[in-house]
Structures are given as C-alpha cells and as structure tokens.
Amino acid sequence: GRVARGATMELALTRHDLLQVSTLSRGCMRLLPRPAKAGELQKIAVGDDTGSLQVFGLVTSAKRSGMEVERVFQTPSASKAAISRLELSGEAGSERIYYAAGTLVRGCNRKGKEVLKFATDVTEPIRSMCVEGETIHAAGEFVYNEFVACKESGFLMANDRINDMTLVAAAPQPAAVLACQDRCLRVVRGSKVLFQLQVDGPATAVARCSRAPSGAGASGDIDQQVLYGTENGLVGLAVYDGAGLKGGWVIDPVDEGRRGKSGGVLCVRAADLTKSGGCNILVGRDDGLVEVWSLEGEGDAPQLVFERNLHESVVAIDCGAVSNTAFDEVVVATYSGKILSFSSAPSSSTSSASAPGAAVGAGAHPAGAEAQQLENLAAEIGALEAKAERERALHARKAEASNGAVGGSAAAVKLQDKWALASADACYTLSLELAVPLEGVLLQSDVPVTLLEADSNLAIVSRAPAGQGVLAAYRCQEVTNRLELRVRTSEGRYGQLQAFVWPRISPKACVAATYAIKPLSLHERLHEPPPTAERPVMSSLRCVRGRGRLSSGPKRAGALWDTTAFLVGQSLRSPSLRRRISGTFTLGEIHSWVSACLPGVPARLQGERGEFAFRNLLVGTLLLCDYGPGDAAFASDSLTTLAIAKEALAKEATARKVQLKIALDANEETVPALLERVDPLLRHQHSLHHKVLLLDSLREVATQEGESAFFAPEYAALLGDEAAVRRELKEHPARLELLHQVVTDLFVDQQKVRACAPSPGAVSGLQRLLAEAYSLPALLAFFRERG
C-alpha cells in the first residue's frame, strides 16, 4: 500500500567531493566489491561520455593532510560513442567490469586488462545491461536481447521504451526485470514475457534488494525483492515469488506532503549503510535530491532518514567503504560528472590523517599543512586557468580562419531534458539541464499556455507579446546547471513548445529542443477501465471497415466497453457519448493518430487492436478508446473531449490523404452531468479567490489599526489560515479561468453538435454568468434556454 508518513531525519552524513570527470549517463558508476584483504578500501569505476573507463580509489596522501584520489587505470577513448552503462560481475578479487558504448560491449579485470570485446550487432544503442556469468542481458530503447557466450539466445520487442533493467533469481536461469515507460515492470526470460506488474507511473529505475527488508511481506530468496522508481517520483517494492510479480509498499512524496520534492527517480539501490542488519534504500532523483530511507523500524513503512539536494541530476548511486573501512558511504555521480560521497563516519571518530582508511580530509593538520594545501590548490587553479585561456585562444584562431563559423563546444551544450505530465498539479514539468552553468532559457509556444511558478526556479522571467502564443525568457541569476519550469496547457489548443538553452560559457553556444503539446494533453492513461459490473447493461456498438454503414449490433468479443455509461470515481453512473470512426486506415496509422492526440500512448502496439482508458486530470471525465484496422470507437462523458478528438483525428487523416467516416451518438444527459461535476471545483475556486480578496482587506485594516483582536471569529480564523490559502492559490494559479474555459468550450461544442453556431452574445453572457453571478441552477438554466 501507499506510504504516507511524515519524514523523520535521523542520519547525519558528511559530504566529500572526490573527482570531476566528463558528463555521465545513467548507471555509469559502480563500486567494486569489497576486497578480501582486511583494511583495503573499495575502488570506484566510472565510464563517461568520452568513451573512457577509469577506476580510482582513495589513498593516504604523502604531500597533503588526509586522503587523495589515486587512479588505478584509465582506458583510452576507443570510439566516439559515450559509455551508456557500466556493470560488474564476479566475486571480489576476480570481478569483471563490463561497459557498453553504442552497440559494443567491452569487459576488463580490476587492473584494466581487456577480457572481452563483443560487437553485439543489435539494432539500437545499448542503454541498459546486466551480466551474469557468460550471459549478457542488453536492452536498447525498445529491444531486449539475451546473449549466452556471445551468441544471441533471446529477443523481445517491448511495448514501450525500456528505461532500466535488473535480474532476479529464477530456475533454470536468472530472469530480467524490465522497467518500461508504459507503467509496467516485466519479467522476461529469453524471448518470452513471464509476468508483468502495473505501477503508478512510468518505471524509470529498478534494482534488486541485496537484503531482505523487515515487514516486506515476501518470502523466498532475498534476490526476489525488487525496488523500482518512477518518472513521477514514486519508489516501491515488487516481489517475485516464481509464480508472479506482486506489488508491495509504495513511497509517494506528494502523499507525504512533500510537494515539489517528487523529482523522477533515476537510480535506486538497497544497502545496509548503517551496518545494523536492516535495509537502507538509496534514491537519486532528476531534481538533484539524494535520499536515504530506512526499513529498520517496526512495520513495513520506510522512514526518510537523510536528504540532500545537489541541484543537478543524480545518475548513479552506490554504497561502500571508499575512505574509511569502518564506515560505509553513499557514493553519488551527477550528470555533469561530479563524483562525491556522503560518509556515515561520526566527526568524533576521525583520527590522524596519516592513519590508513581515514576519512577524506579528516584529522588534525600538522604545522603548515593548511598553508601547503592552499598553495597546492592555488597552483592547480592557476594551471586550469592557463589551460582555459589556451583553449579560448585556439578557438578564436579557428573562428577567425573560418569567418566565425565555429560554434561552442558540443559537450558543453549537451542537453538533458524531461517533458512530463504532473498528475497532482494537472500541468507539465519541463526540466532542462546542462553540464555547465546555465545563463538563460527562451521559451516559445505557438499556442496559449500558462507558465506557472516552480519552487526550485529562481530565474527572472520576462514575457513579450507573441500573438496567440507565448514568448518568455528566463535569466539565471545564481549559478545553476538545472532549471525546472511548470507549464499548464489547455485542451483543444495544440502545437509545439520550443526551448532555446544557452550556457554561461565563452564563446556563446545554444541548443534547441521541441516538445509536443497534444490536443488532449491533460488526459492521463489508466491501467484499465472501470469494471464492467459497475456499468449499466445497454446496447453495444459495432464499427465496420471501409465505407460501410455504422450500426448497432452484437458486441465484439473482448471489446473494451459495451455500455453508454461509466463509473468515474463516484457512486453515480455517468452518461456517456460515443464517437464512431471507420475508414481504410491501417492499425499502424490509427495508432499513430491516437498517439499524436493523447499522452502516454505506447510507441509500439502489440496485438491486433488498441484498447486504452484515459482520465482528465482537471475535471475527472473518462475517455475509452478501442480501435483496429479500418475502425475505431471512442466513448466519453465529455462532449468537448470527443469534439477535440474528432478534429485532431480528421486533421491527421487529411494530412495522409485517408478518408474517414465519423459518426457521433450524443447523449444529452452528459452536458448537465458534466456541469454538476465541475460545480464543486468552480465553487471552491470562487471561494478561494474571494478569501484572498478578503484577506487583502483584513490585512490592510489590521495594519492601520495596529491589531486584529476586534475581528469577528470567522475573520480571525481566516487570518490564521492566510498562509495556506495563499499557498494554494500560488500552486494553482489561473485554475478558475481554466474551468471557465471548460464550461465555455462545452457550450460551444453543444451548439456545434446541434448544427447551430453559438452567437457572440451568448458566449459573452455565459462568461459574465461564470464571473459575476455563478450558481449551478443558473448555469443549468442558461444551457437549457440557450441550448
């Protein structure tokens, strides 16, 4: 079940910066196993975007106080492809380091000697990889491959993008667990999907537990427990018992009241950080948060014991003894290439800097050591400045020789971005990150969107007129590599949002990215539609291919729905509308049209038909889709939703010169039903705006009088809740105007269905009613009289 418990910080960890390398991809940093020899520290393996693998460790410095980094080995950049995944295999002393770059897999021992060079010849660059003995499990964007002794033994085309992978113990051989974008964890062996588990968000990270968490409710081998993270910030436990994959507890930051701290999970790992015999869950998020959760307490609810924000994506996380054999550390790698650790060693335990395994920089400094250390650091900075000046001069000469045609460094402007729907706020989150500090971002949209404030965004925004669209510039005042924006779209108004990002470097460079704003952008895909038992039994629908006549008839076996009413989070049955489409289109064509219309649709469709259910995040209406070659059917309790879908599908078909026949079975009861659904939302927003206006007046009176004790009890209570009222309005600005637009669009679409154009006077009258004298009876009367 969901974990909704307040966080209790208990663990004190000290940060140590270890090394700076080139930019890193996800999962490209691992700690080598603990050495068999007592007193030795663990080494760190890192593969960066230059294609180079390096292994380093910490040793006692002969020149400085404390510890310093010693490189064990570094491989040359053998290819232009960046290292996309790094994995370990084998026991301590005989372990192998495997890393993938493009479609090539290499392996070496702990001393750097190459033991494997395998050209997989897969169709996609490898993004995820696991190695067990002679078996290599590799996954690209959509394709999973299994190789035994460098020969392919399994192949699978996934429904949607594969984001991560791990292994679970299973007979006769380990099985792979794929974390997929379509909100599923899939257990795969060879070319067959054995089991799958639906989770509450696109699965982005997965790792097996190395220890059995207390209260997890699972039995069997400890490797059967799998941790996963999602794009919307959830962390959960899944249990594989050989007969299926079952869900366990789920940590939801929004349920805990930690709104704004629910960045997508990029890496997750289980370890016994405190060596108490329990389990600690290490989480790295794309908003820079590093979290440690403890499962050592009673019950099955994890507790947050440590949290730190690095302000850039955490792409890899691990745990081990890297600077002190007596205390483990959380070792973290960031997108820009920072390798750092958080040590659990108490400050009182640090001893002389010359002691083997002492904490980084710990211990008493001998006489003159601090001055010597400062001199060494100043010398390093001077050398780096001289190198930077030489690079600038070289670039200037190249630019002069080519008449200024030389741009900035390609590595400096490599953009890591995310455009994702935030369910809790009914808006989109746009995160933009570079390996170097940002200077500014320019946003340009050809459709109306609302730019919302984000707590983590400290940039200054400037807006300029842009017709029907939006043009805004964000200028970063503080040094930051990452900027997060929130964008609220309006359904039915679709187009593109472009972002132009430029870093704070010289010479100047810029990178551009484009994001699709889909027609039904605020619809979120559900795992499955409401149960059939909760729908009234009515006549079913049959759609025919080609130019045949659409008619009612026996329900197709396995159809997604067979009624005209659906239960949408209420005890009352909601009437629905049905849109029927037929034509000469193929399954691939209609699927691409639906994908262009709705978010969350898998890129690839497995099977002969597509069946999906969606929920509108703003008003909670339902949309069901069932389509195949030559026919498609859509059902909803919102007339506006079907009108938008009709327009978008017809536009896509016209662009491809495909003829469609579209028919609508409209149920008049859906209009008042939707108005009744929107009514509590409208009343709440009207009340919220009224409270803010009243608070402004009360605060002014209290300031003039110097006290507020004479206020009536209800006014005094409102002043006590002022912070919560203003925070809610700040988190959801312009929501009242958006709800007004929903009602206005419903009225216009109702008139279009009745083949009569709405008059400008009727629309303006409806807007005055909503803004000045709103009530549900008055609104229903307006729709009856004007409809």
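Quick summary incoming for the structure in this document.

Quick notes on the rules
- Residues numbered from 1 in each chain as written.
- Predicted model: local features only at pLDDT ≥ 70, side-chain atom pairs only at ≥ 80, totals over all residues.
- Heavy atoms only, no water.
- Phe/Tyr/Trp six-rings, centres within 6.5 Å; stacked < 30°, edge-to-face > 60°.
- Helix = DSSP H or I, 4+ residues; strand = E, 2+ residues; numbered from the N terminus.
- Buried < 20%, exposed > 50% of the residue type's maximum accessible area, 1.4 Å probe, protein only.
- Axes fitted to C-alpha atoms, helices over the stretch in contact; angles between N-to-C directions.
- Parallel < 35°, antiparallel > 145°, perpendicular 65-115°, else oblique.
- Left-handed = near helix turned anticlockwise from the far one by under 90°.
- Contact = heavy atoms within 4.5 Å.
- Nonpolar A, V, L, I, M, F, W, Y, C, P; charged D, E, K, R; others polar.
- Salt bridge = Lys/Arg side-chain N within 4 Å of Asp/Glu carboxyl O.
- 1 Å grid on protein atoms, 1.4 Å probe; cavity = no way out; pocket = protein on both sides within 12 Å on 5 of 7 lines; lining within 4 Å.
- Points joined across faces, edges and corners; volume = space filled by probe spheres on them.

1. Brief notes about the packing of aromatic side chains
- One pass over the full model with this rule turns up eleven aromatic pairs.
- Between F118 and F147, the aromatic rings sit 5.1 Å apart at their centres with planes inclined by 85°, giving edge-to-face as the arrangement. One end of the pair, F118, is in strand β10 (residues 114-119); the other, F147, is in strand β13 (residues 143-148), with 29 residues separating them in the sequence.
- Judged by relative accessible area, which is 9%, F118 ranks as buried.
- For F147, a relative accessible area of 2% puts it in the buried group.
- Geometrically, the ring pair formed by F195 and Y240 is tilted, given 5.9 Å between the ring centres and 55° between the ring planes. One end of the pair, F195, is in strand β18 (residues 192-198); the other, Y240, is in strand β21 (residues 235-240), and 45 residues separate them in sequence.
- Following the ring pairs from residue to residue traces out a cluster consisting of W419, Y428 and Y515.

2. Observations regarding the packing of helix α7 (residues 735-753) against helix α9 (residues 776-786)
- In the contact formed by α7 and α9, the axes pass within 11 Å of each other and the chain directions differ by 20°. Here α7 lies roughly parallel to α9, going by the angle between them. When the axes of α7 and α9 are compared, the crossing they make is right-handed. Residue-level inspection shows V743, L746, F747, Q750 and Q751 of α7 in contact with α9, the latter providing L779, F782, F783 and R786.
- Here the contact of α7 with α9 is built from residues that sort into six nonpolar, two polar and one charged.

3. Focus on the pattern of salt bridges
- Scanning the entire structure with this criterion turns up 31 salt bridges.
- Note that E114 and R106 form a salt bridge whose closest N and O atoms lie 2.7 Å from each other.
- Residues participating in the shared-partner salt-bridge network are R30, E87, R269 and D318.

4. So, empty space enclosed by the protein
- Under the criterion given, the structure shown has four cavities of 30 Å³ or more.
- By volume, the largest cavity is sized at about 200 Å³.
- Lining the largest cavity we find 16 residues, and of these E491, N616, L618, T640 and V742 sit closest to its centre.
- Counting only elements with at least two residues in the lining of the largest cavity, the list comes to α3 (639-655) and α7.
- Here the lining of the largest cavity gets four residues from one element, more than from any other, and that element is α7.
- In terms of residue class, the lining of the largest cavity is built from seven nonpolar, seven polar and two charged.
- The volume enclosed by the second largest cavity comes to roughly 50 Å³.
- At the level of secondary structure, the elements contributing two or more residues to the lining of the second largest cavity comprise α4 (670-705) and α7.
- Partitioned by chemical class, the residues of the lining of the second largest cavity number five nonpolar, three polar and two charged.

So far we have only geometry, and geometry alone does not tell us how the molecule works.
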